[in-house]
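# Survey of secondary and tertiary structure
These are the residues of each chain, in order.
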There are 4 protein chains.
Amino acid sequence: MKTIEELIEGYRRFRGGVYAEQAALYRELGEGQSPSIMLIACADSRAEPSDIFAAAPGQLFVVRNVANLVPPYMPDGKLHGVSSALEYAVNVLKVKHIVVMGHGGCGGVQASLAGGDNPLIGEFVTPWVSLLDEARDRVLESGSINPQFSLELEGIETSLKNLLSFPFVEKAVSAGELELHGAWFAIKHGELHWRNASTGRFEVVDR
Amino acid sequence: MKTIEELIEGYRRFRGGVYAEQAALYRELGEGQSPSIMLIACADSRAEPSDIFAAAPGQLFVVRNVANLVPPYMPDGKLHGVSSALEYAVNVLKVKHIVVMGHGGCGGVQASLAGGDNPLIGEFVTPWVSLLDEARDRVLESGSINPQFSLELEGIETSLKNLLSFPFVEKAVSAGELELHGAWFAIKHGELHWRNASTGRFEVVDR
Amino acid sequence: MKTIEELIEGYRRFRGGVYAEQAALYRELGEGQSPSIMLIACADSRAEPSDIFAAAPGQLFVVRNVANLVPPYMPDGKLHGVSSALEYAVNVLKVKHIVVMGHGGCGGVQASLAGGDNPLIGEFVTPWVSLLDEARDRVLESGSINPQFSLELEGIETSLKNLLSFPFVEKAVSAGELELHGAWFAIKHGELHWRNASTGRFEVVDR
Amino acid sequence: MKTIEELIEGYRRFRGGVYAEQAALYRELGEGQSPSIMLIACADSRAEPSDIFAAAPGQLFVVRNVANLVPPYMPDGKLHGVSSALEYAVNVLKVKHIVVMGHGGCGGVQASLAGGDNPLIGEFVTPWVSLLDEARDRVLESGSINPQFSLELEGIETSLKNLLSFPFVEKAVSAGELELHGAWFAIKHGELHWRNASTGRFEVVDR
């Protein structure tokens, strides 16, 4: 799928195939959405949440950005894309779960570890992945044998912590109405690791 | 798919089904991604780009936020999620196409038209959808019979215009190395409308 | 409804049903008609204006021909069916609105795109749809992804333009006594799209 | 129904009412039309064929013009709206029946009897209803006690005769594949009169 013609061809396959089986579902979804799960994932082309969870239309409210990052609460009236989606998901859709999903070979994590030495991405990616600065320092200080992998996981911790800095998230979690989760996907082996909330450890999901 | 158990069950279906067929592809993608197409879509659970285009892993670099918005170029060293993804896609991945895809029944567009009167989303969504202010005014002045639909399309125009405000996007477009596209998905009928770049009109894609 | 017996049966249903409720209205209409709206629609059996607008008897003055076409003003004393109806509607009935309504899957538009290669309709349809020639060329040059759909809309533009070539139409429009409108009906989804006069874009009518 | 707002309201009633019951039929009709009956009727707002025959979408291919006239066969490569519809109906749709339906109080017939003395309709209606000249002369010579009514019927005879001047109509009729019919609708009493093909007399349809 390199050209727009191929993209459109993809849509035609969808129409003739998957859509044909789901036409009634789409018709019903035309009335509104009520997903229970919000997914915060990376923009990376290889870690597609709806594929990985075999989700049907209407099931996942999905935010995707570089390195699946959630910035901390910053109510300054300015433009905050992730925060907007979060506010909508928690306050309007009233989702029950938020999953932050990282993945192997993340370019944003790589940029964080490279420390801003790539001028091609110096204007926006470098400031954006500064959200990982503390996590990166922790990883480097820990003497990790695989800083890329460790920061992919540590960055998820950062996003989970930042999620709790939003008063409406904290309140819903405290009230038992919302749960926060972490996950990491190994592209090479198609393997999902799920964060154990009580140990903080990521565990390979058995099949 | 309401619970985390069901989400994990979805992953197991993926492992046993789609993944089993694509294991070799994932193994190869473990080495790196090289998508040609960037998709900027809404977080809405009902308009999943990889479904709609029947895309395989590795084919679409996907940003998703409320109302598929692209803010204008603002190089102030602060956090800019969409701009980061854009910079990465154009300067590192060197994608050939960027598609802004809207959809029917968009909650962000609804919020723009409601003019900020919903306190539940007043902290972040209201400022975020202020990106649509000019488009909304145009729509309301045009006497549109369906402002929701019209603003869904007009918002895509805004995002396309904002994309061109990024010097590296403008340069790639001028050099003929990058094309910008608009699309809109009718959830109820599963119907894709594609923006004709020369007329600006959205055309139903024939099947 | 395949036979004349069934057609007559239909009339008997009308007499016993709808007519019984509207007898007083028909009695009154026996005195004369004074519709405010003229509809120019296609002869296609699937896009019936009075159904689509739930119109009562006496409300719509309706012209129907292949592809809802209006030829340009040609005062040569010869036979001009659409022009006659137009003259009667504007000068005698003094309608306030003229709506040109196209629809999906239009056979006349198809014939225009096919370029006259069907001998079955070469004697009359081919010359008739030559009214669409300019619009067809515009559509093909625009690189439309769906020329059939685009020409259905573009043909409406042609008819609207041709309407204005009639001096008595132009005069009434200039005087603010007459308005011209465009509409398009999606048979498959029973969906009406209404032309926004200020933007030229067709908007799905919300229900 | 005087304004566009009311027209659109009518569409919304259709969507919520009749359409809701016929959605499956419309969906199927989206694939194509195959009506067996062509109706040639007047543009008059009070004689709506689909109402009078309680026809469902897809059942009637309908041409409407001033005074339900069919011009004679004139293969000169120029614009012929009725002939085009006829060619399409007979050669492509292969309809089995063509019904020419007149009605009471026809303005076109009135114009024919007035002999062209109304300048408001002198440019197009006067030449158009010259198709009725021979019939009008017959009526006037017959000393008819009600020339308006008589010419409404006589004009149907003219259209039926002209239909047979088209070689493809004549051929289909001779082959027994097509039948031509006449009908007349009394608006005031909602009464259908059906032409007896062997006597040429119009008979009130019993209910």
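Residues numbered from 1 in each chain as written. Chains lettered and ligands numbered in written order. Predicted model: local features only at pLDDT ≥ 70, side-chain atom pairs only at ≥ 80, totals over all residues. Heavy atoms only, no water.

Attention now moves to the overall build of chain A. In terms of helices and strands, chain A carries 9 helices and 6 strands. For a compact globule of 207 residues, the expected C-alpha radius of gyration is about 17 Å, and chain A comes in at 18 Å, within 12% of that figure. Seen through its principal axes, chain A has C-alpha atoms that stretch 55 × 45 × 40 Å. In chain A, of all internal contacts separated by at least 6 residues, the share reaching a separation of at least 24 is 63%. For chain A, the separation between the mean place of its 18 positive charges and that of its 26 negative charges on side chains is 3 Å. (Helix = DSSP H or I, 4+ residues; strand = E, 2+ residues; numbered from the N terminus. Rg over C-alpha atoms; globule rule 2.2 N^0.38 Å. Contact = heavy atoms within 4.5 Å. Lys, Arg positive; Asp, Glu negative; His and termini not counted. Charge placed at Lys NZ, Arg CZ, Asp CG, Glu CD.)

A few words on the interface of chain B and chain A. Contacts between the two partners involve 87 residues from chain B, matched on the other side by 87 residues from chain A. Here chain B meets chain A over a buried area of about 8,200 Å², counting both sides, of which 61% is carbon and sulfur. Contact with chain A buries area across many residues of chain B, yet B:Y11, B:L79 and B:F124 alone supply 10% of it, more than any other trio. Here chain B is connected to chain A by 4 salt bridges. As a salt-bridge pair, B:D206 and A:R12 come within 3.1 Å of each other at their nearest N and O atoms. For the interface between chain B and chain A, the tally reads 42 residue pairs in polar contact (both at pLDDT 80 or more). Per-element tally for the side of chain B that touches chain A: the top contributor is helix α1 (residues 4–16) of chain B, with 9 residues. For the side of chain B that touches chain A, the residue count by class is 45 nonpolar, 24 polar and 18 charged. (Buried area = accessible area lost by both parts, 1.4 Å probe. Salt bridge = Lys/Arg side-chain N within 4 Å of Asp/Glu carboxyl O. Polar contact = N/O pair within 3.5 Å; in protein donor to acceptor, adjacent residues only side chain to side chain. Nonpolar A, V, L, I, M, F, W, Y, C, P; charged D, E, K, R; others polar.)

Turning to the UniProt feature "binding site: Zn(2+)" (unreviewed entry) in chain A, a few remarks are in order. Residues and elements named next belong to chain A. UniProt feature "binding site: Zn(2+)" (unreviewed entry): in the numbering of this structure it lies at C42, D44, H103 and C106. Despite a sequence span of 65 residues, these residues sit close together in the fold, their greatest C-alpha distance being 8.7 Å. Residue classification places H103 among the buried positions, given a relative accessible area of 1%. When residues no more than four places from it in sequence are discounted, the contact partners of H103 are C42, D44, R46, A47, N68, E152, W184, F185 and I187. Relative to the helices and strands, C106 is located in the loop between β3 (97–103) and α5 (107–114). By relative accessible area, C106 is classed as buried at 2%. Here C106 is in contact with C42, A67, Q148 and E152, once residues within four sequence places are set aside. (UniProt positions renumbered as here; feature names shortened; annotations may be inferred. Buried < 20%, exposed > 50% of the residue type's maximum accessible area, 1.4 Å probe, protein only.)

Turning to the pairing of strand β4 (residues 179–186) of chain C, a few remarks are in order. Residues and elements named next belong to chain C. Most of β4 sits inside the fold, with 7 of its 8 residues counted as buried. Pairing analysis gives 7 bridges linking strand β3 (residues 97–103) to β4, with the strands arranged parallel. By the bridge assignment for β4, G102 is matched with W184. Here β4 runs beside strand β5 (residues 191–195); their pairing, made up of 4 bridges, is antiparallel. Residue pairing across strands places W184 opposite H193, the latter belonging to β5. Between β4 and the antiparallel strand that follows it, β5, lie 4 residues; G190 among them carries a positive phi value of about 55 degrees. (Pairing = 2+ DSSP bridges.)

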